[in-house]
Structures are given as C-alpha cells and as structure tokens.
Amino acid sequence: MRSFIHQAPAQRIVFGVGALASVGDELDRLGATRAVVLSTPGHEHLADLVATLLERRAAGHFAGAVPHTPVEVTEQALEVARECHADAVISVGGGSTTGLGKAVASRLGILHLVIPTTYAGSELTPVLGETSGGEKTTRSGPAILPNTVIYDVELTTTLPWSVTVPSAINAMAHAVEALYSPDANGQTDAMALEAIRAIDRGLRDLRDDRESLGARSDLLYGAYLAGSCLGAVGMGLHHKLCHVLGGTFNLSHAPTHAVVLPYAMAYNEPASLPAMSRIAEALDSDHGPSAVQILVRDSGGPTALRDIGFARADIGRAAELSVSRPYPNPRQVTTAGITQLLGEAFEGNRVRPTA
Ligand code: NAD
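Everything quoted here is computed from the prediction, not taken from an experiment. (Residues numbered from 1 in each chain as written. Predicted model: local features only at pLDDT ≥ 70, side-chain atom pairs only at ≥ 80, totals over all residues. Heavy atoms only, no water.)

Quick word on the overall build of the protein
No. 1: The number of helices and strands found in the protein is 13 helices and eight strands.
No. 2: Taken over C-alpha atoms, the radius of gyration comes to 20 Å for the protein, in line with the 20 Å a tight globule of 355 residues would show.
No. 3: Taken along the three principal axes of its C-alpha coordinates, the protein extends 65 × 45 × 45 Å.
No. 4: A separation threshold of at least 6 residues defines the contact pool for the protein, and within that pool the share at least 24 residues apart is 75%.
No. 5: Here the protein has roughly 15,100 Å² of accessible surface; of this, 50% comes from carbon and sulfur atoms.
No. 6: Computed over 27 positive and 36 negative side-chain charges, the separation of the two mean positions in the protein equals 4 Å. (Helix = DSSP H or I, 4+ residues; strand = E, 2+ residues; numbered from the N terminus. Rg over C-alpha atoms; globule rule 2.2 N^0.38 Å. Contact = heavy atoms within 4.5 Å. Areas by Shrake-Rupley, 256 points an atom, 1.4 Å probe, with all protein chains shown as cover. Lys, Arg positive; Asp, Glu negative; His and termini not counted. Charge placed at Lys NZ, Arg CZ, Asp CG, Glu CD.)

If you want it as structure tokens, here you go:
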C-alpha cells in the first residue's frame, strides 16, 4: 500500500516562447511596484530587456551575480535593493543569479520573480547555498522559494553548447534521483520520467539542429519538470558527491553533474533496479547509466573528472567527505565504494551493467 507526503509549492509558473513579455503583468499580479533586477556581469543586456518591459516599475539594477552566492556580493546587492526601496527582486540568468535573488529577497522579506536561462532548477526549490570565508553552507525555508517563475524558451537560445549539455544533464540528475528518493510519489515519478524523456529528446534534436526552438523548448520543459522534482523530494548520492566536488574542490556545478551522473547511477543500480529499469525505458535503452553516459559523450559533454579540474590526489578526501554524514540513498555509501566510483569517474571509464 502507498503512503506519502506531497507538499505542493505555492508558486506560479509561466512557460512559453516569448513568455518574458508577461513580466510586467506578472509583477502587477504579485502586487509589487518597484523591482530590482539582478543579472551576472556578462548578461546586463537581459536585465536591460527586463527593465524596458517593466517601464516605471524597474527601480534598480545589480549586475554582480557570481557563482556560489558569496555573502559579500549579497551585501552589495542588498544595498542597491534598499537604496531603491525595492519591493521585489527579479533574477534573470542561471542558477548563480537565482541564488543571489533568493539571498536578497529572503533577507528583505520581499517578492521574488525568476527568469531562468539555464536548466539548473534552483528557481523551484526553497534551498539556498551561500559561501562565506570560503565555506559553503546551505539553508532552506519557505521564504527562499521564489514566488513566480517565467520560462522563456527564446532566452535559452544563446546558451553556448558547452553550457547547454552539462546544464541539461544537471537537470536530468534531479529527475534520476527523484525516482529512487524515499520521498518519491506518483506525481514526482511521472514528472521525473517525462523530464528524462524531454531532456534526452531535446539534446538529440538540438545536436541535429542547433537552431531548433522545439528542441530548446523540450530542454527547458524537461528542466522545469526535473526542477519540480528537486523541490519536492530529497536527493541522494549523486547530489551529495556533486556538492562535495563543487563546494570543497571548486569544480564547476553543471559539468560535475554531467561527469558524475552515470557513475552514481551505476553505484546505486543494484539497490534501485525498478527505478533504473524505468529510466532505461525512458531513454529507450536496456541500461540507464550507459544510456546517460553515451548521451553525454555523443553530445560532446565532459565525461571524466580529470578533464574538469579534479586532481587524482583528492579522491580520498572527497570520498571521506561524501560518507561523513549519513543521508538517504538506496545503496549503502562506503568509503571504499566511493573511492572506487571517483577513481572510475576520474578516468572517464565506461559504466557497465551490474553482473
Ligand atoms: P550559472 O548561473 O553560473 O550559469 C552557467 C553559465 O551559463 C554561465 O557562464 C552563464 O554566464 C551562462 N549563461 C546563463 N544564461 C545564459 C544565456 N541566456 N546565454 C548565454 N549564456 C548564459 O550556473 P548554473 O549551472 O545555471 O547554476 C549553478 C548554480 O546554481 C550553483 O551555484 C548551484 O549550487 C546553484 N543551484 C542551486 C540550486 C538550489 O536548489 N539551491 C539548484 C540548482 C543549482
């Protein structure tokens, strides 16, 4: 018999080609009148576009978002938000910008509208990771969950291929781990499988036609579904490994996900056979971990930790950190097992079905 708890998030989602045009209406709907727009230094043009659409409701702009949400940067953004008496934050960009938006909006207790331009999924979670003095801490709470998300497929067409592939696999990882999460339920299972299918299809189609808006739409739709899973259920070994590799060894977020996912799946396979068989079916394959690895490889994504800045000498420490605090995972996580997993991932060896 089933038993589960499902907390439906209080969030409004607007999805489509050209959806950005609704940003003024969406801000009005929230009841906000003065928004501070956040972006990274390289994407001020996106913030300008938003400001133009907002007209008099654009109160300020801070273009200093950087990876890992350092508190010093948050302080600077808070100053801008306070100076312009903002009653809402609008974050336009990838997970780094969304993280800054969460940090600012939750501290000031103001509204938050996110316009994601990557597939990271942060916009759908009540979780915020921040760094201070080189240390990354994570906190969560209802005040961190953004109020509205506008997904505009057109904004993702400028994503370079080198960002597109790892970011798409980053999203797929949320869906994969949702399927063997102890919190999984019928709703998250359905979203996760649909996400895996949409991301797989989107990447293949985009490989054939880099200009395809339909393929971009599939990827963003898959990322939305996968992000919904991330917000709804707890993640396991894969996310823990990526947190350690990113937080302690400073590896880039999405490329780390792209390398590690097939190995984490292969590790968990013996203890999650039903989930793995559903994933394999969604990928039209007889082995899920291999199908993901081939998808990454054939899409030109990163496949070895050695290629994304990880040092072999750090395997032992990374393994220790990954087992240091218990967390739900289908298969018991041991130092020896994770050392072996990281060794395989370091070399980029092929994953194989469990004998
Ligand atoms: P990111 O925001 O740094 O963006 C990745 C790259 O994409 C950057 O180089 C950026 O300049 C580029 N980019 C973004 N939009 C673009 C566009 N429209 N056109 C061209 N290039 C564009 O990284 P990310 O992978 O999106 O997010 C990673 C961060 O998000 C990490 O800090 C991670 O911890 C956080 N995150 C948090 C959660 C959560 O629930 N709290 C979930 C997922 C990710």
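Having seen the structure, we can now continue with the description.
A closer look at a negative patch on the surface
No. 1: Together, Glu-72, Glu-75, Glu-79 and Glu-83 make up a region of like negative charge exposed at the surface.
No. 2: A relative accessible area of 61% means that Glu-83 is categorised as exposed. (Patch = residues over 30% accessible without salt bridge, like charges linked within 9 Å, V, L, I, M, F, W, Y side chains within 5 Å. Salt bridge = Lys/Arg side-chain N within 4 Å of Asp/Glu carboxyl O. Buried < 20%, exposed > 50% of the residue type's maximum accessible area, 1.4 Å probe, protein only.)

Some details on helix 11 (residues 288–298)
No. 1: Most of helix 11 sits out of view: eight of its 11 residues are buried.
No. 2: Restricting attention to buried positions, one finds in helix 11 the residues Gly-288, Pro-289, Ser-290, Ala-291, Val-292, Gln-293, Leu-295 and Val-296.
No. 3: Residues of helix 11 that are buried in the fold lie against helix 5 (161–179), helix 6 (186–208), helix 9 (253–268) and helix 10 (273–282).

Thoughts on the site of the ligand
No. 1: Taken together, 20 residues lie near the ligand, and Gly-95, Ser-96, Thr-117, Thr-118 and Thr-125 sit nearest.
No. 2: Taking Val-127, its main chain carries an N or O atom lying 2.8 Å from a nitrogen atom of the ligand.
No. 3: Taken by itself the ligand offers 860 Å² of open surface, and the protein chains cover 79% of this.
No. 4: With three residues, the single largest contributor to the shell around the ligand is helix 4 (residues 95–108).
No. 5: When residues of the shell around the ligand are sorted by domain, at least three fall in each of domain 1 (4–156) and domain 2 (161–347). (Near = heavy atom within 4 Å. Polar contact = N/O pair within 3.5 Å; in protein donor to acceptor, adjacent residues only side chain to side chain. Domains from an automatic or database assignment.)

Things to note about the environment of Val-37
No. 1: Along the chain, Val-37 turns up in strand 2 (residues 35–38).
No. 2: When the C-alpha positions of Val-37 and Ala-47 are compared, they lie 6.1 Å apart, and in sequence the two are 10 residues distant.
No. 3: Beyond its immediate stretch of four places on either side in the chain, Val-37 contacts Ala-47, Val-50, Leu-54, Gly-60, His-61, Phe-62, Ile-90 and Val-92.

Observations concerning the sheet that holds strand 4 (residues 88–93)
No. 1: Taken in spatial order, the six strands of this open sheet run 1-8-5-4-2-3, and their pairing is parallel. The sheet is open, and its two edges are formed by strand 1 (12–16) and strand 3 (58–62), each paired on a single side. Neighbour-to-neighbour, the strand axes of this sheet turn through a mean angle of 15°, independent of strand direction.
No. 2: Taken together, the four bridges between strand 2 and strand 4 define a ladder with parallel strand orientation. Opposite Ala-35, over in strand 4, you have Ala-88 as the bridge partner.
No. 3: Lying on the sheet, helix 4 is in contact with strand 2, strand 3, strand 4 and strand 5 (111–116); it crosses strand 4 at an angle near 170°. (Pairing = 2+ DSSP bridges. Axes fitted to C-alpha atoms, helices over the stretch in contact; angles between N-to-C directions.)

A short note on the pattern of salt bridges
No. 1: One pass over the full model with this rule turns up 11 salt bridges.
No. 2: Across the pair Arg-12 and Glu-26 runs a salt bridge, and its minimum N-O distance is 2.7 Å. With Arg-12 in strand 1 and Glu-26 in helix 1 (residues 23–30), this residue pair connects regions lying 14 residues apart in the sequence.
No. 3: Arg-12 gets classed as partly exposed once you look at its relative accessible area, which sits at 31%.
No. 4: For Glu-26, a relative accessible area of 6% puts it in the buried group.
No. 5: Where Arg-204 meets Asp-200, a salt bridge forms, and the shortest distance between an N and an O atom there is 3.0 Å. Of the two residues, Arg-204 and Asp-200 are both situated in helix 6; the distance of four residues between them amounts to about one turn of the helix.

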